[in-house]
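So you can see what is in the structure, the chains are spelled out below.
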Amino acid sequence: MSAATERTADERILRTSPLRKLLSRPELGSVVGALAVFAVFALAADGFLRAASLSTILYASSTIGIMAVPVALLMIGGEFDLSAGVLVTSSALVSSMFSYQMTANTWVGVGVSLLVTLAIGAFNGFVLTRTRLPSFIVTLGTFLMLTGMNLGFTKLIDGTVSTKTVADMEGFPSAHDVFASTLTFGGVDFKVTVLWWLGLVAVASWILLRTRAGNWIFAVGGNQDAARAVGVPVTKTKIGLYMGVAFGAWISGQHLLFSFDAVQSGEGVGNELIYIIAAVIGGCLITGGYGSAVGSAVGALLFGMTSKGIVFAEWNPDWFKFFLGAMLLLATLLNAWVRKRAEATK
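Identification of the chain as Xylose transport system permease protein XylH from Streptomyces cellostaticus is taken from an unreviewed UniProt entry. The record in UniProt for the chain states the following under Function (unreviewed entry): "Part of the binding-protein-dependent transport system for D-xylose. Probably responsible for the translocation of the substrate across the membrane." Per UniProt, the chain has the following entry under Subcellular location (unreviewed entry): "Cell membrane".

As structure tokens, then:
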């Protein structure tokens, strides 16, 4: 056996040090950033640490996090989706208008919305894999089509830019309980979206770390040609990832509908960038092959703390986008440093 072979064999049986494990975690940078932001607002805002304030922060984070989780998985797979924001609105509009126009139980509209939303996600993945076009072009096209369809169909069917209320329809109370209810734990009120968010993080983490599909996602994001050469179903994996984003959009869309009873057709534009920012802050690389579901959750939490912390601290909210951009740059730089340190410890 050669010396090189012996070294390779020895390296395979060496135990990974705790420091190396820590430095190799994609979410390390976002966790450090979250602790820093938490400390800043805890000192700057008197009401930041109140239970009611933390509940508000978690709600704001969960509405972003529900979408940031599947968007993070998609980015790990090497793609991104510019239509994710308006797809949330499309999901809500389909559910509302189908139930109202058909005078059906709202759960019928919810089910139809799920099928339509998943079909749009599958369409994105199918076009992407069949044409080999960049995801930027494919999903930008879908974004524009959905934006026009949301407005056009709403005005055509309802005569205005918003849907009719579904609050008095059969099935609304139970659907509200599932998608928009408020739960009380220890005397503190929490929106049910927090449970949806945590559930998605748990499922996504299990998929990434414990299943063959998780290995496929990392492989496709790292090098899809090499992944295809070793038998990874690249087409199915990418279509599945886009359908995952669609599923998140469906949950968010139903929350939007059953929280406010009606939907404005122009909502959602621009939110896709927020989801991508949360995933990037959480450690995902634009180039794919690296990231975690937990990191996206921390990125969403950072967004929630910043957006609400500025209000609690009574700072000028005009500076919010500045802080968001600064966090994005700092998190990206910190993630790059973490990766270099992790590689240096190998």
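A. A look at the packing of aromatic side chains. Scanning the entire structure with this criterion turns up 11 aromatic pairs. Aromatic side chains Phe 179 and Trp 196 sit 5.8 Å apart centroid to centroid with 5° between the ring planes, which places their arrangement in the stacked category. One end of the pair, Phe 179, is in helix α8 (residues 172-180); the other, Trp 196, is in helix α9 (residues 193-210), with 17 residues separating them in the sequence. Between Phe 179 and Phe 258 the ring centres are 6.1 Å apart and the planes differ by 15°, which places this aromatic pair in the stacked class. Taken together, the positions of Phe 179 in helix α8 and Phe 258 in helix α12 (residues 234-260) put the pair 79 residues apart, joining distant regions of the chain. Assigned by exposure class, Phe 179 and Phe 258 land together as buried. What links up through ring pairs into an aromatic cluster is the set Trp 107, Phe 172, Phe 179, Trp 196, Phe 247, Trp 250 and Phe 258. Cation over ring: Lys 191 sits above Tyr 59, and NZ or CZ is 6.0 Å from the ring centre.

B. Geometry of the pairing of strand β1 (residues 182-185). By the bridge criterion, four bridges tie β1 to strand β2 (residues 188-191) in an arrangement that is antiparallel. Following the sheet pairing, Phe 185 is matched in β2 by Val 188. The turn joining β1 and β2, which pair antiparallel and follow one another in sequence, is formed by two residues; a positive phi near 60° is taken by Gly 186.

C. Geometry of the confidence of the model for the chain. In this model, the chain carries an average pLDDT of 88, and 90% of its residues clear a pLDDT of 70 or more. A low-confidence stretch, residues 1-14 (pLDDT under 50), is modelled with one contact involving residues beyond four sequence positions or located in other chains.

D. Seen up close, the environment of Phe 323. Structurally, the position occupied by Phe 323 is in helix α15 (residues 320-344). Classification of Phe 323 as partly exposed rests on a relative accessible area of 30%. Put simply, Phe 323 and Gly 171 are 152 residues apart on the chain and 42 Å apart in space, counted from C-alpha to C-alpha. With residues near it in sequence (within four places) discarded, Phe 323 still touches Thr 306, Ile 310 and Trp 315.

E. Geometry of helix α13 (residues 271-281). The element α13 is extensively covered by neighbouring structure, given that nine of its 11 residues are classed as buried. Within α13, burial applies to Glu 272, Ile 274, Tyr 275, Ile 276, Ile 277, Ala 278, Ala 279, Val 280 and Ile 281. At the exit of α13 stands Gly 283, carrying a positive phi of roughly 115°.

F. Representation of the side chain of Ser 90. For Ser 90, the position within the fold is in helix α5 (residues 84-101). The contacts of Ser 90, once residues within four sequence positions are left out, are Leu 146 and Asn 150.

Conventions used here
Residues numbered from 1 in each chain as written. Predicted model: local features only at pLDDT ≥ 70, side-chain atom pairs only at ≥ 80, totals over all residues. Heavy atoms only, no water. UniProt positions renumbered as here; feature names shortened; annotations may be inferred. Phe/Tyr/Trp six-rings, centres within 6.5 Å; stacked < 30°, edge-to-face > 60°. Helix = DSSP H or I, 4+ residues; strand = E, 2+ residues; numbered from the N terminus. Buried < 20%, exposed > 50% of the residue type's maximum accessible area, 1.4 Å probe, protein only. Lys NZ or Arg CZ within 6 Å of the ring centre and 35° of its normal. Pairing = 2+ DSSP bridges. pLDDT = per-residue confidence, 0-100. Contact = heavy atoms within 4.5 Å.

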